[in-house]
Amino acid sequence: MNTVVGRIRRSGRRAFASAGAVGGLAAGANPAAASMKLDASTAQTAIGTLPLLAAMGIGIVVAAVAVVAFLQMTARGKGRGDAFEPPEVGANEEEAAEREACADMDVVAKDEKDAAAERGAPLPDYTIPLSKLSDVPEPLLQAGEGEPRLCGLQGEFAGASFKLSERPLSIGRDAAQCGLVFPFDSGEISRRHCSLRYAADRGAFFLEDHGSSNGTFLTDGRRLRAGERYELRPGERFALSGGTHLFEVRL
């Protein structure tokens, strides 16, 4: 009986030991499994982060390239801006023609200077005449008794007397060409209608029409031909545009 009980006890101890061994193995296996799960999770996290890091790296590179390109473009634009000269504003056709004419004159002047230098002659002085002396209007002066003068009898200058000289006194509407100037709205008078001068050596007056539209007339009704000079003696008269404006020459 005791022998049987002893065997049962020994069998139970072996079973308990086996169970303990199994439990120990199981307990030893759990930390290894947990560690493997943690490594797998970390690897998955790292794999998921790689695209984000790559995208960020690419973005940084692209931004750097854009900044460099912008700086280069700015530098080039500044260089062009420094070399750029804006065209003249308001330059018109007359100014262009004037510049071209001046350039032509400079070329001609240079050629003449070169030719003079070859001949050994002194270099000429070059000036651009603004107008011919004959184109400058005669100053309009009031005349007194005993002076050669033009007296207005009828029309715009009735009652006035103007001094005459060897230099022709032009009559018309253009103040730039005439000494005796009619109002610009006097449509019957041309811009440069006629001219009159006194010849002291002959004691006579000479009248010339300049192609006026309405004519210059003598007292006998004759109309002066344009460009021809007609002699008037003191006391003789002439009229502009028929008989609208009547004048007399006196001494």
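Residue positions are given per chain, counting from 1 as you read along its sequence in written order. Given that this is a predicted model, residues contribute local features only at a pLDDT of at least 70 and side-chain atom pairs are listed and counted only at 80 or more, while totals for whole chains, interfaces and linings are drawn from all residues. For side-chain calculations, the full set of non-hydrogen atoms in the structure is used, while hydrogens and water are omitted.

1. So, the nonpolar core
Right, so step 1: In this structure, Leu150, Leu196, Leu232, Phe238, Leu240 and Phe247 are the most contacted members of the largest nonpolar core, which totals 23 residues.
Right, so step 2: Only runs of H or I of at least four residues qualify as helices and only runs of E of at least two qualify as strands under DSSP, and these elements are numbered from the N terminus. Of all the elements in the fold, those that place two or more residues in this core are strand S3 (169–172), strand S5 (194–199), strand S6 (204–209), strand S8 (229–232), strand S9 (237–240) and strand S10 (245–250).
Right, so step 3: Of the residues forming this core, the biggest block, three residues, is contributed by S5.
Right, so step 4: The contact rule is simple, with two residues in contact once any of their heavy atoms fall within 4.5 Å. If near-sequence neighbours (up to four positions away) are discounted, Leu232 is found in contact with Leu196, Ala204, Phe205, Leu207, Leu218, Phe238 and Val249. Throughout, nonpolar core names a set of buried Ala, Val, Leu, Ile, Met, Phe, Trp, Tyr and Cys residues whose side chains join them through atoms within 4.5 Å. For every residue, the accessible area (1.4 Å probe, protein chains only) is compared with the maximum for its type, and the residue is labelled buried under 20%, exposed over 50%, or partly exposed between those bounds.

2. Overview of a nonpolar patch on the surface
Right, so step 1: Patches here: salt-bridge-free residues with over 30% relative accessible area, like charges joined within 9 Å, nonpolar side chains (Val, Leu, Ile, Met, Phe, Trp, Tyr) joined within 5 Å. In this description, accessible areas are obtained by the Shrake-Rupley approach with a 1.4 Å probe, and a residue is regarded as covered only by the protein chains that are shown. A pairing counts as a salt bridge when a side-chain nitrogen of Lys or Arg comes within 4 Å of a carboxyl oxygen of Asp or Glu. A cluster of nonpolar residues, Leu52, Leu53 and Met56, forms a patch on the protein surface that exposes about 310 Å² of accessible area.
Right, so step 2: Residue placement: Leu53 occurs in helix H1 (residues 2–83).

3. What to know about the pairing of S8
Right, so step 1: The two faces of S8 differ: Tyr230 and Leu232 on one face are buried, but Arg229 and Glu231 on the other face are not.
Right, so step 2: In the sheet, S6 pairs with S8 via four bridges, with the strands oriented antiparallel. Counted as the bridge partner of Leu207 is Tyr230 from S8. One bridge is not enough; two strands pair if DSSP finds at least two bridges between them.

4. Things to note about the confidence of the model for the protein
Right, so step 1: Summary of the metric used: pLDDT quantifies the predictor's per-residue confidence within the range 0 to 100. For the protein, mean pLDDT is 73; residues scoring 70 or higher make up 55% of the total.
Right, so step 2: Long-range and interchain partners of residues 83–91, a stretch whose pLDDT sits below 50, account for three contacts in this model, where long-range means more than four residues apart.
Right, so step 3: Within the model, the stretch residues 123–134 combines pLDDT values under 50 with eleven contacts to residues more than four positions away or in other chains.

5. Quick notes on the sheet that holds S5
Right, so step 1: Pairing in this open sheet of five strands is mixed, and the strands run S4-S3-S5-S6-S8 from one edge to the other. One side of each edge strand has no neighbouring strand; the edge strands of this open sheet are strand S4 (180–181) and S8.

6. Considering the pairing of strand S1 (residues 149–154)
Right, so step 1: With three bridges connecting them, S1 and strand S2 (residues 161–163) associate as antiparallel partners. Residue pairing for S2: Cys151 is matched across the bridge by Ser161.
Right, so step 2: The antiparallel hairpin formed by S1 and S2 contains six residues in its connecting segment, where Gly155 sits at a positive phi of about 100°.
Right, so step 3: One ladder, built from five bridges, connects S1 with S10; its direction is antiparallel. Bridge pairing in S10 links Gly152 to Phe247.

7. What to know about the environment of Leu224
Right, so step 1: Along the chain, Leu224 turns up in the loop between strand S7 (216–218) and S8.
Right, so step 2: On the basis of relative accessibility, which here comes to 5%, the residue Leu224 falls in the buried class.
Right, so step 3: Distance from Leu224 to Glu208, taken between C-alpha atoms, is 7.4 Å for residues 16 residues apart in sequence.
Right, so step 4: Beyond its immediate sequence surroundings of up to four residues, Leu224 is in contact with Leu207, Asp209, Thr216, Phe217, Leu218 and Tyr230.

8. Notes on the pattern of salt bridges
Right, so step 1: With the rule as written, the count across this model stands at eleven salt bridges.
Right, so step 2: Linking Glu248 and Arg237 is a salt bridge whose minimum nitrogen-to-oxygen distance equals 2.7 Å. Pair noted here: Glu248 is in strand S10 and Arg237 is in strand S9, with a separation of eleven residues, a long-range link.
Right, so step 3: In this structure Glu248 comes out as buried when scored by relative accessible area, which is 9%.
Right, so step 4: For Glu248, the salt bridge is made with Arg250, and the minimal N-O distance between the two is 2.6 Å.

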